[in-house]
Amino acid sequence: MPDAPAFRGAPWRIQVNQPPARTDVKPDITSLRSTIEWLRREGLLMESSREVNPDLEITGLQKHFDGSLPMLFDKVKGYPHARAITNLFSDTAVMDKMFGFPNPTERTRKMAKALSRPLAPVVIDQKDAPCQEHIITENIDVHKWILAMRHTELEKESTVGSGIRLISGKHFDGGTDTGYNRMNFRWGNVGTFQISPGSHMWQVFTEHYDEEEIPITMNFGTPPACTLLAGAAFDYVILPKGCDEIGVAGAIQGSPIRLVKARTVDALAMADAEYVLEGVIRPRDKRYETKESEDLQVQGKTFFHPEWAGYMGKAYKAPTFHVTALTMRKLSSRPIIFPLAVHTMDELNIDTTIREAAIFELCNRLQPGIIQDVHVPYAMTDWGGCVIQVKKRNKIEEGWQRNFLSAILSCSQGMRLAIAVSEDTDIYSMDDIMWCLTTRVNPQTDILNPIPGGRGQTFMPSERMTAGGKEWTASNTRFEGGMGIDATVPFGYEQDFHRPKYPIDRVNPADFFNEAQIAKMKSRMEGWVLSLSRTGR
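Residues numbered from 1 in each chain as written. Predicted model: local features only at pLDDT ≥ 70, side-chain atom pairs only at ≥ 80, totals over all residues. Heavy atoms only, no water.

Caption draft 1: Fine view of the packing of aromatic side chains. All told, the structure shown has eleven aromatic pairs when counted by the stated rule. Pairing Phe 99 with Phe 101 gives two aromatic rings, centres 6.0 Å apart and planes at 20°, and the pair type is stacked. A single burial state applies to Phe 99 and to Phe 101, both of which are buried. Plain terms: the ring middles of Phe 205 and Tyr 209 are 5.3 Å apart, the flat faces sit at 85° to each other, and that makes the pair edge-to-face. Over the aromatic face of Trp 187 sits the side chain of Arg 287, whose NZ or CZ is 4.7 Å from the ring centroid. Between Arg 499 and the ring centre of Trp 435, over which it is positioned, the NZ or CZ distance is 4.0 Å. (Phe/Tyr/Trp six-rings, centres within 6.5 Å; stacked < 30°, edge-to-face > 60°. Buried < 20%, exposed > 50% of the residue type's maximum accessible area, 1.4 Å probe, protein only. Lys NZ or Arg CZ within 6 Å of the ring centre and 35° of its normal.)

Caption draft 2: Broad picture of the packing of helix 1 (residues 32-42) against helix 3 (residues 92-99). Helix 3 packs onto helix 1 with a crossing angle of 115° between their chain directions and a minimal axis gap of 12 Å. Taken together, the axes of helix 1 and helix 3 are roughly perpendicular relative to one another. As for the relative orientation of helix 1 and helix 3, their crossing is right-handed in sense. Note on element contacts: helix 3 touches helix 1 through Val 94, Lys 97 and Met 98, opposite Thr 35, Trp 38, Leu 39 and Glu 42. Its residues assigned to classes, the contact of helix 1 with helix 3 shows four nonpolar, one polar and two charged. (Axes fitted to C-alpha atoms, helices over the stretch in contact; angles between N-to-C directions. Helix = DSSP H or I, 4+ residues; strand = E, 2+ residues; numbered from the N terminus. Parallel < 35°, antiparallel > 145°, perpendicular 65-115°, else oblique. Left-handed = near helix turned anticlockwise from the far one by under 90°. Contact = heavy atoms within 4.5 Å. Nonpolar A, V, L, I, M, F, W, Y, C, P; charged D, E, K, R; others polar.)

Caption draft 3: Summary view of the packing of helix 4 (residues 104-116) against helix 8 (residues 245-253). Contact pair helix 4 / helix 8: the axes reach a minimum separation of 8 Å and the direction vectors enclose 135°. Comparing the axis directions of helix 4 and helix 8 gives the class oblique. The handedness of the crossing between helix 4 and helix 8 is right-handed. Counted together, Met 111, Ala 114 and Leu 115 of helix 4 and Val 248, Ala 251 and Ile 252 of helix 8 form the full contact between these two elements. Here the residues of the contact of helix 4 with helix 8 sort into six nonpolar, no polar and no charged.

Caption draft 4: Structural detail: the pattern of salt bridges. Taken as a whole and judged by the stated rule, the model has 32 salt bridges. The partner of Glu 213 in a salt bridge is Arg 282, with the nearest N and O atoms 3.0 Å apart. With Glu 213 in the loop between helix 6 (200-207) and strand 10 (214-220) and Arg 282 in strand 13 (residues 275-288), this residue pair connects regions lying 69 residues apart in the sequence. A relative accessible area of 30% means that Glu 213 is categorised as partly exposed. According to the relative accessible area criterion, Arg 282 is partly exposed, its value standing at 29%. Here Arg 329 makes a salt bridge to Glu 274, at a shortest N to O gap of 3.1 Å. Separated by 55 residues along the polypeptide, Arg 329 in the loop between strand 14 (317-328) and strand 15 (336-337) and Glu 274 in the loop between strand 12 (268-270) and strand 13 bring together distant segments of the chain. Across the pair, Glu 274 and Arg 329 agree in class, each one buried. One salt-bridge network, held together by shared partners, links Arg 33, Glu 274 and Arg 329. (Salt bridge = Lys/Arg side-chain N within 4 Å of Asp/Glu carboxyl O.)

Caption draft 5: Inspection of the pairing of strand 13 at higher detail. Relative to strand 13, strand 10 runs antiparallel, the two being bridged by seven bridges. Considered in strand 13, the bridge of Ile 214 is made with Ile 281. Of the pairings in the sheet, the one linking strand 13 to strand 14 comprises ten bridges and is antiparallel in character. Paired with Ile 281 across the two strands is Phe 321, which belongs to strand 14. (Pairing = 2+ DSSP bridges.)

By themselves, these observations are geometric and do not establish any function.
Okay, structure coming up:
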């Protein structure tokens, strides 16, 4: 296959618009490496041999191709031992193909089943663990080995944000927990470790606050299913403290995740990861995330690391992570890191795929059979909102959609907007959602505000504003309460809300126009018409 056009001098070796035909070979996704090999064989991987700078260039390129194919960089400035991949989950169709999901609805339903049917991990011998082929226990400088990057020019320091924590054993009530925590290693082997209030890590941190140390591992370049579970946060009615998140990842992967005992702390690591930081969290050793915030002695004001809500993050004082060992795959294999930019489709799919399944499972447990699908659109920013689709089978089921909305808003910390729609609505089209809000909502009776004064998240500026003149920290802010909107068709009034169905199935455009003409006309279509033309509405 000929090379695609070069971008800024970098040879991209796969043509974006001409991926090979789908194969029936099941991909090996038990490691990041095997997944990359599958992407390469499928023609879904863009590779560049030009050196990329983790200072602004990686995130800049990711935004250029937000929602598109994975990109693998063979050379990373400042990290001659490493390669970097990004956009791994950016293209939803590629993600679904990776895991064998035929469509988004089936993905959500199959993921929901996996939440209740974990596949227990296996612990392998240390000598067989790829992540421990190279071990460093002395003179550890994390920034020398683990890629740190700056997302925007607004932030003054780089962040290590792509590590996935693994807590196990007594500190997670016998289960396993995964998740993301941004880190800044300002002191060599010691870095700040930001913990979101209310998260699983916050629960562990609070319970064990009086302990001197909490042993954990931070894993980089993990099996894709583990990456998806790391994005599962604030779904704790379905994934409570003590659950087996690694087991859920195994169920999604289709085979047990391999773990291995850490070398220097009483913790487990992901055996097939590319890099692992072993160490301990010291809850009482709190330090400022950036020098700027430290110099000003202020929290929640200075820029640091964009956040999922689509706004610039702020620097705080945080507990510290003290690294006791850095292990990795053999250096000759050039270990791969997956630097994750925030507020991208890559991050959105990681943070919402399990979340959608957990919301589906929550509703289905309340009353089975009514919930049809769940979607978190990009504009609803990960934990900020969701759209649920329901089907009322009889008059008795009228009203359950409001129970669902109240439960979702109550069980999902910080959710600000939950919308319920009927089965005739395309929940993957924001235009269709807006049409429902415009034509089906009574502002006096269909807008709910069930939990004013509850607990939200400080990543939302409107919640920060509730702190007034005090520091913008979780202890000083209050949640105004999320908004639930019932945009469903009332049972018994389906005839009054019946949408037209145009006869797209009775006419073939190819009988009237040639292929080039059809392509030309289709190329000019965008927005709501894509959904309407596909459904005939």
